[in-house]
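Letter by letter, the chains look like this.
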Amino acid sequence: MEAVAIEHEPFALAADDPYLSALIGTIEEPHGRSTAELAGQLTVSWWDRHGTGPSRAELFDEMFSTPDWEHVIDDPGRSLLQRKEQRELLQRWLVSYWSRLGTITLVPGHDEVIRPGRLRPEAG
């Protein structure tokens, strides 16, 4: 059987959105996997210290040195309330993505804390 090359147009955004850009910047490789693994490691560490997992807000405070996303992400076209809603959406999407990768575990609508996922053992 002959190999077939698949060609596609590059993905292009219809509009520039600062929160979408932050999301893509957080998950894109080569650092996307390491960021997801950091979320898993911090969840394990949190569990060891507190006997339970962190909330989404607590995990993000542990992961990022500047948790005041409304001022870090430049989006003057949205009100403060809209920026907070966008931050919530961004964080929910990241937690969902990291759950799909298996580095953390969270069942939306059921879990109130983030649980450790399947961490790959470090080589060497």
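Structure: see above.
The rules behind the values
Sequence positions are assigned chain by chain, starting from 1 and proceeding in written order. With the structure being a predicted model, the display of local features is reserved for residues of pLDDT at least 70 and the display and counting of side-chain atom pairs for 80 or more, all residues being used for whole-chain, interface and lining totals. In computing side-chain properties, one takes all heavy atoms of the structure into account and sets aside hydrogens as well as water. A carboxyl oxygen of Asp or Glu within 4 Å of a side-chain nitrogen of Lys or Arg is what we treat as a salt bridge. Helix numbers and strand numbers start at the N terminus; a helix is a DSSP run of H or I with at least 4 residues, a strand a run of E with at least 2. The classification of residues rests on relative accessible area computed with a 1.4 Å probe and restricted to protein chains. Under 20% of the type maximum is buried, over 50% is exposed, and intermediate values are partly exposed. Axis definition: a line fitted to C-alpha atoms, limited for helices to the stretch in contact. Angles are taken between N-to-C directions and run from 0 to 180 degrees. Any angle from 65 to 115 degrees is called roughly perpendicular, while one under 35 is roughly parallel, one over 145 is roughly antiparallel, and all others are oblique. Crossing chirality is assigned from the near helix's rotation relative to the far helix, an anticlockwise turn below a right angle marking it left-handed and a clockwise turn marking it right-handed. Two residues qualify as a contact provided that any one of their heavy atoms is within 4.5 Å of a heavy atom in the partner residue. For this classification, the nonpolar set comprises Ala, Val, Leu, Ile, Met, Phe, Trp, Tyr, Cys and Pro, the charged set comprises Asp, Glu, Lys and Arg, and every other residue, Gly included, is treated as polar.

> Outline the pattern of salt bridges, listing residues and values.
In total, this model carries 5 salt bridges according to the counting rule given. Linking Arg 78 and Asp 17 is a salt bridge whose minimum nitrogen-to-oxygen distance equals 2.6 Å. A residue pair is termed long-range when its members are at least 10 positions apart, and Arg 78 in the loop between helix H4 (69-72) and helix H5 (80-101) and Asp 17 in the segment before helix H1 (18-27) qualify at 61 residues. Arg 87 is paired through a salt bridge with Glu 88; the nearest N and O atoms lie 3.0 Å apart. Here Glu 88 falls in the partly exposed class, since its relative accessible area comes to 25%.

> Quick rundown of the packing of H1 against H5? Include the residues and the values.
Axis separation between H1 and H5 bottoms out at 10 Å; the angle between their running directions is 25 degrees. One finds that H1 runs roughly parallel with respect to H5. The element H1 and its partner H5 pack so that their crossing is right-handed. Seen from H1, the contacting residues are Tyr 19, Ala 22, Leu 23, Thr 26 and Ile 27; seen from H5, they are Arg 83, Gln 86, Arg 87, Leu 90, Trp 93, Leu 94, Tyr 97 and Trp 98. Tallied by class, the residues present in the contact of H1 with H5 amount to 9 nonpolar, 2 polar and 2 charged.

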